[in-house]
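# Chain and residue survey
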Amino acid sequence: MGHYPSSVTNKQLFFLLFLALTTYTTIDLPKIMAQSAGRISWLPIILASIVFAIVAFMICKLNAMNEGKVLFDYGKDIVGKYFNYAICVFYIIYFTIIAVYLKTKLVGLLSANFLPLTPPYALLIVGIALFGYIAYKGVTNVARMTEIIGVAFILVTTVLCGIMIFEGMHYNVLPLLNPLEVKNIVPAMKDTITGFGGIEILFIIPFTALNKKAPRQTFRTLIIIGLFYALIVESTIMILGINNTAMFNDSFIEAIKIVEVPIIERTDIFYLTFGLTSLFAGLFIVNVAILELACKIFAKAKRSVLTIIMSIILFILAMIATNITNIQEIAKQSFPIIIAIASLAIPVVLFTIAIIKKQATKRRKREMKDHEF
């Protein structure tokens, strides 16, 4: 069976979602969960993955019901033209905020570990030009890239976590289910929201006949991501312990530094090499999301012109963000709210309205047939 124009296969969809969600979460999630849930961290992560898996299933169902269309195309049939425009503009702003934040994280990682003497503006110019060019090439090309990057990232991270579990202290995570910590489960689920932000990327992917099994596969993908997060958090705590994990900003990287792997002298640099590729992939994804939505809203503008405008705006905003000293705290307070709106509230509302309208249409058709008889 041949491929459709601008199509994304189910396998590519898996890696696209995986990298969209895990872009930077793997590094700072252990600290967040150690602070909010302690040794019971694995449970709120798994429960949250089930919630987001259900919502991702809903988005895929919407796409499958409107084959060959994206949110901008079919959203007007669900909520009307003006509300649909408002939702799409919201997503452009949302993806822009995420892109700017990830770019500041990228600059921070590169400056701290690889290029300490290079000024941030130089890193941003090179990075934004690269991300803009790849976004210009479209969703299909980005999906193909994530398929390559995703295999290496998942393999390396999983192997390192396995070594951390082997070398770590198991008593650091025991008991796995402490009755005294059960009260932390629901509050801690709020702290997992940031880790699952990214499923809304599905709204810019047109489904075809190739994606009939996408809803079920996407549901499984979110569960796998939840297990992946739980593996990272638990292995980090095994190496550092609860208190140290909660103290370090990049606790996963700090844990990797302690791990001893034959042949590899600096395990953290080895991981960061692959970790940076996943961060690059995440930036490719959010940039293409911004551009695809902008191309729909400004249909008469050339894609190349919109790419240049997007890149300039992102550069200016990223430069401003790098000079904000408390940006980490701002992100911590605001991201759970905006991600909950983008990844949970809007998809659920759209799916609910679409199902109600679909049922109403079926009912009217039955009534018309009964009337004819």
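Just so you know, these numbers come straight off a predicted model, no measurement behind them.

Calculation criteria
- Residues numbered from 1 in each chain as written.
- Predicted model: local features only at pLDDT ≥ 70, side-chain atom pairs only at ≥ 80, totals over all residues.
- Heavy atoms only, no water.
- Helix = DSSP H or I, 4+ residues; strand = E, 2+ residues; numbered from the N terminus.
- Rg over C-alpha atoms; globule rule 2.2 N^0.38 Å.
- Contact = heavy atoms within 4.5 Å.
- Areas by Shrake-Rupley, 256 points an atom, 1.4 Å probe, with all protein chains shown as cover.
- Lys, Arg positive; Asp, Glu negative; His and termini not counted.
- Charge placed at Lys NZ, Arg CZ, Asp CG, Glu CD.
- Axes fitted to C-alpha atoms, helices over the stretch in contact; angles between N-to-C directions.
- Left-handed = near helix turned anticlockwise from the far one by under 90°.
- Nonpolar A, V, L, I, M, F, W, Y, C, P; charged D, E, K, R; others polar.
- Patch = residues over 30% accessible without salt bridge, like charges linked within 9 Å, V, L, I, M, F, W, Y side chains within 5 Å.
- Salt bridge = Lys/Arg side-chain N within 4 Å of Asp/Glu carboxyl O.
- Buried < 20%, exposed > 50% of the residue type's maximum accessible area, 1.4 Å probe, protein only.
- Phe/Tyr/Trp six-rings, centres within 6.5 Å; stacked < 30°, edge-to-face > 60°.
- Disulfide = S-S within 2.5 Å.

### Thoughts on the overall build of the protein
Looking only at helices and strands, one finds 14 helices and zero strands in the protein. Beginning at the N terminus, the succession of helices and strands in the protein can be written as α-α-α-α-α-α-α-α-α-α-α-α-α-α. In terms of overall size, the protein behaves like a compact globule, its C-alpha atoms giving a radius of gyration of 22 Å where 373 residues would be expected to give roughly 21 Å. With respect to the three principal axes, the spread of C-alpha positions in the protein is 75 × 50 × 40 Å. For the protein, contacts bridging at least 24 residues in sequence account for 85% of all contacts bridging at least 6. Of the roughly 17,700 Å² of accessible surface on the protein, a fraction of 68% belongs to carbon and sulfur atoms. With 32 positive and 20 negative side-chain charges, the protein shows a spacing of 11 Å between the two charge centroids.

### Quick look at the packing of helix 7 (residues 139–167) against helix 11 (residues 251–258)
What describes two packed helices is the angle between their axes and the distance between those same axes. Put simply, helix 7 and helix 11 touch, their axes get as near as 10 Å, and they point 65° apart. Handedness of the crossing formed by helix 7 with helix 11: left-handed. From helix 7, Thr157, Leu160, Cys161 and Met164 reach across to helix 11, where they touch Phe252, Ala255 and Ile256. Residue composition of the contact of helix 7 with helix 11, by class: six nonpolar, one polar and no charged.

### Digging into a positive patch on the surface
On the surface, Lys61, Lys213, Arg216, Arg220, Lys358, Lys362, Arg363, Arg364, Lys365, Arg366 and Lys369 cluster together to form a positively charged patch. Those elements that provide at least two residues to the positive patch are helix 10 (214–247) and helix 14 (327–372). The greatest single-element share of the positive patch, amounting to seven residues, is contributed by helix 14. For Lys213, a relative accessible area of 55% gives the class exposed.

### Some points on the pattern of salt bridges
Opposite charge on two side chains permits them to pair, given that their charged atoms come into close proximity. Under the criterion given, the structure shown has five salt bridges. Measuring nitrogen to oxygen at the nearest pair gives 3.2 Å for the salt bridge that ties Glu147 to Lys11. Taken together, the residues Glu147 in helix 7 and Lys11 in helix 1 (residues 10–22) connect sequence positions 136 residues apart. Here Arg303 ties to Glu292 by a salt bridge, and the two come within 2.6 Å at their closest N and O atoms. Note that Arg303 is positioned in helix 13 (residues 303–322) and Glu292 in helix 12 (residues 267–297), a separation of 11 residues in sequence.

### A closer look at helix 11
Among all positions of helix 11, only Ser251, Phe252, Ile253, Ala255 and Ile256 are buried. Buried residues along helix 11 sit in contact with helix 2 (25–36), helix 7, helix 10 and helix 12.

### Focus: the side chain of Asp28
Relative to the helices and strands, Asp28 is located in helix 2. The buried charged residue Asp28 lacks any salt bridge, with Lys105 as its nearest oppositely charged partner at 5.1 Å. Ignoring any residue separated from it by four or fewer positions in sequence, one finds Asp28 in contact with Tyr101, Asn249 and Gln328.

### Details of the packing of aromatic side chains
For any two aromatic rings, the description comes down to two numbers: the centre-to-centre distance and the angle of the planes. Per the stated rule, a full pass over the model turns up 16 aromatic pairs. Ring geometry for Phe14 versus Phe15: centroids 5.1 Å apart, planes at 85°, classification edge-to-face. For the pair shown, Phe14 and Phe15 are each scored as buried. An aromatic cluster is defined as three or more aromatic residues linked by ring pairs; in this entry it consists of Phe14, Phe15, Phe18, Phe153 and Phe228.

### Quick notes on the state of the cysteines
Here the structure, examined in full by the defined rule, presents zero disulfides. In this structure Cys88 is not part of a disulfide, and its nearest cysteine sulfur, from Cys295, lies 13 Å away. In this structure Cys88 comes out as buried when scored by relative accessible area, which is 0%.

### Observations regarding unusual backbone geometry
Residue Pro175 is reached from Leu174 by a cis peptide bond, and omega for that bond is -5°. Turning to its location among the elements, Pro175 is positioned in the loop between helix 7 and helix 8 (185–191).

### A closer look at a nonpolar patch on the surface
Where nonpolar side chains cluster on the molecular surface, the patch consists of Val305, Ile308, Ile309, Ile312, Ile313, Ile316, Leu317, Ile320, Ile324 and Ile330 and spans about 830 Å² of accessible area. Top element by residues in the nonpolar patch is helix 13. It accounts for eight residues. In this fold, Ile330 is placed in helix 14. Ile330 sits in the partly exposed class, given a relative accessible area of 42%.

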